Amino acid sequence: MSDSLRERVREKLVRQLAEDGPIDADLDDARQLSVREDLELLDAVADDDPVIEDLAARYLVP
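Residues numbered from 1 in each chain as written. Predicted model: local features only at pLDDT ≥ 70, side-chain atom pairs only at ≥ 80, totals over all residues. Heavy atoms only, no water.

**So, the environment of Arg58**
Here's step 1: For Arg58, the location among the structural elements is in helix α3 (residues 51-59).
Here's step 2: Residue Arg58 is classed as exposed on the basis of its relative accessible area, which comes to 51%.
Here's step 3: Distance in space between the C-alpha atoms of Arg58 and Val9 is 9.4 Å, their sequence separation being 49 residues. (Helix = DSSP H or I, 4+ residues; strand = E, 2+ residues; numbered from the N terminus. Buried < 20%, exposed > 50% of the residue type's maximum accessible area, 1.4 Å probe, protein only.)

Structure below.
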């Protein structure tokens, strides 16, 4: 598999957000907000940052 761990985690987060649909401004969906925050964090860190492995453990099936 040529995809990096970062790419696989990012794909999973984006897919999860797409399946959830748009955020309803009237509802505080903590899970959906958390996924968005994790996606922003993933995009902000370097390729060798351990946070990528933490996110992979949280979102990818072993």
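Anyway, onward from the coordinates.
**Focus: helix α2 (residues 30-44)**
It helps to recall that an α-helix has 3.6 residues per turn; residues three or four apart then point in one direction.
Here's step 1: Over its 15 residues, α2 extends 21 Å from the first C-alpha to the last, a length consistent with the 21 Å expected when each residue adds 1.5 Å.
Here's step 2: Taken together, the buried positions of α2 are occupied by Gln32, Val35, Asp38, Leu39 and Leu42. On an axial view of α2, the arc spanned by its buried residues comes to 120 degrees, and they lie on one face. Exposed residues pointing more than 90 degrees away from the buried face of α2 are listed as Ala30, Glu37, Glu40 and Ala44.
Here's step 3: Contact partners of the buried residues in α2: α1 (5-20) and α3. (Expected span 1.5 Å × (residues − 1). Arc of directions from axis to C-beta. Contact = heavy atoms within 4.5 Å.)

**Regarding the packing of α1 against α3**
Here's step 1: In the contact formed by α1 and α3, the axes pass within 10 Å of each other and the chain directions differ by 45 degrees. One way to sum up the angle between α1 and α3 is to call them oblique. Considering only the axes of α1 and α3, their crossing is left-handed. For the pair α1 and α3, contact is made by Leu5, Arg6, Val9, Lys12, Leu13 and Gln16 and by Ile52, Glu53, Leu55, Ala56 and Tyr59, respectively. (Axes fitted to C-alpha atoms, helices over the stretch in contact; angles between N-to-C directions. Parallel < 35°, antiparallel > 145°, perpendicular 65-115°, else oblique. Left-handed = near helix turned anticlockwise from the far one by under 90°.)

As far as function goes, none of this settles anything; it's purely spatial.
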